[in-house]
Amino acid sequence: MPRQARLALAGVSTHLVQRGIDRSACFFCDDDRLHYLALLTELAPALGCAVHAYVLMTNHVHLLLTPDDASGLSHLMQAVGRRYVLWFNKRHARTGTLWEGRFRSSVIESERYLFACSRYIELNPVRAGLVVDPADYRWSSYPHHVGLRPDRLIREHPLVWSLGNTPFERQVAYRRRF
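Residues numbered from 1 in each chain as written. Predicted model: local features only at pLDDT ≥ 70, side-chain atom pairs only at ≥ 80, totals over all residues. Heavy atoms only, no water.

Trainee: Explain the pattern of salt bridges to me, please; I cannot follow it from the model alone.
Mentor: Pairing between side chains of opposite charge can happen when their charged atoms approach one another. Applying the stated criterion to the full structure yields seven salt bridges. Arg91 serves as the salt-bridge partner of Asp32, at 3.4 Å between the closest nitrogen and oxygen. Remark: Arg91 occurs in helix H2 (residues 72–91) and Asp32 occurs in helix H1 (residues 30–46); sequence separation between them is 59 residues. Salt bridges here are not isolated pairs; linked through shared partners, they connect Asp30, Arg33 and Arg138. (Salt bridge = Lys/Arg side-chain N within 4 Å of Asp/Glu carboxyl O. Helix = DSSP H or I, 4+ residues; strand = E, 2+ residues; numbered from the N terminus.)

Below you can see the structure in the form of structure tokens.
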């Protein structure tokens, strides 16, 4: 029986989660995370996806993205997954799958949910007890959004621009949401 088609809409933001198989680690070290982010940075624009927020946890990934067309999310995750798993398996002398099936995704329907989703994603390391302040977690888009570190992967969602007229105003307003 064929898999049910995933709901993906062109130009509509989506929260995507991908977990390691059996909730095992998909990132063993900083080099793994750097490689995954490099792949996203290269492939997201090429495949028509804007990444607005992310967090890389030890055993899963959260992304907030907007695809230019309905197939963009699937094509991006397939391309990143193939390249990352080959690299990861070779680097760590392992074989087999890394991900727990297909990624899960939810369409973001409102302005309120977009910011709530971004907050949920970027507070993941705080909830997991890895850091007290989300700004201290290196593998998240939060430092970018509050002006601590530019991140080439991030394309600001148009709603972020509504937070202020200058980058400083937007960063302060974003930080207040946390």
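Trainee: Could you clarify how one ought to interpret unusual backbone geometry in this entry?
Mentor: Negative phi characterises most residues that are not glycine, and trans characterises most peptide bonds. Within the chain, Arg23 stands out as a residue other than glycine whose phi angle is a positive 60°. Within the secondary structure layout, Arg23 lies in the loop between strand S1 (14–19) and H1. In this model, Ala93 sits at a positive phi of 50°, which is unusual for a non-glycine residue. Turning to its location among the elements, Ala93 is positioned in the loop between H2 and strand S4 (104–107).

Trainee: When you look at the packing of H1 against H2 in this model, what are you seeing that I'm missing?
Mentor: Geometrically, a packed helix pair is captured by the angle between its two axes and the distance between the axes. At a closest axis distance of 10 Å, the pairing of H1 and H2 adopts a crossing angle of 150°. As the angle between them shows, H1 and H2 are arranged roughly antiparallel. Judged by the twist between their axes, the crossing of H1 over H2 is right-handed. From H1, Asp31, Asp32, His35, Tyr36, Leu39, Leu40, Glu42, Leu43 and Ala44 reach across to H2, where they touch Leu76, Met77, Ala79, Val80, Arg83, Tyr84, Trp87, Phe88 and Arg91. (Axes fitted to C-alpha atoms, helices over the stretch in contact; angles between N-to-C directions. Parallel < 35°, antiparallel > 145°, perpendicular 65-115°, else oblique. Left-handed = near helix turned anticlockwise from the far one by under 90°. Contact = heavy atoms within 4.5 Å.)

Trainee: Would you mind showing me how to read the packing of aromatic side chains here?
Mentor: Two measures describe an aromatic ring pair: the distance that separates the ring centres and the angle between the ring planes. For the structure on display, the rule yields eleven aromatic pairs. Where Tyr84 meets Phe88, the ring centres are 5.5 Å apart and the plane angle is 35°; that geometry is what we call tilted. You can see Tyr84 and its partner Phe88 sitting in helix H2, four residues apart, about one turn around the helix. Judged by its relative accessible area of 0%, Phe88 falls in the buried class. Here Tyr84 and Trp99 contribute two aromatic rings whose centre-to-centre distance is 6.2 Å and whose plane-to-plane angle is 35°, an arrangement assigned as tilted. One end of the pair, Tyr84, is in helix H2; the other, Trp99, is in the loop between H2 and S4, and 15 residues separate them in sequence. Accessibility expressed as a relative area gives 8% for Trp99, which makes it buried. Through pairs of rings, three or more aromatic residues link up here, namely Phe27, Phe28, Tyr36, Tyr84, Trp87, Phe88 and Trp99. Taking NZ or CZ as reference, Arg177 lies 4.0 Å from the ring centre of Phe115, over its face. (Phe/Tyr/Trp six-rings, centres within 6.5 Å; stacked < 30°, edge-to-face > 60°. Buried < 20%, exposed > 50% of the residue type's maximum accessible area, 1.4 Å probe, protein only. Lys NZ or Arg CZ within 6 Å of the ring centre and 35° of its normal.)

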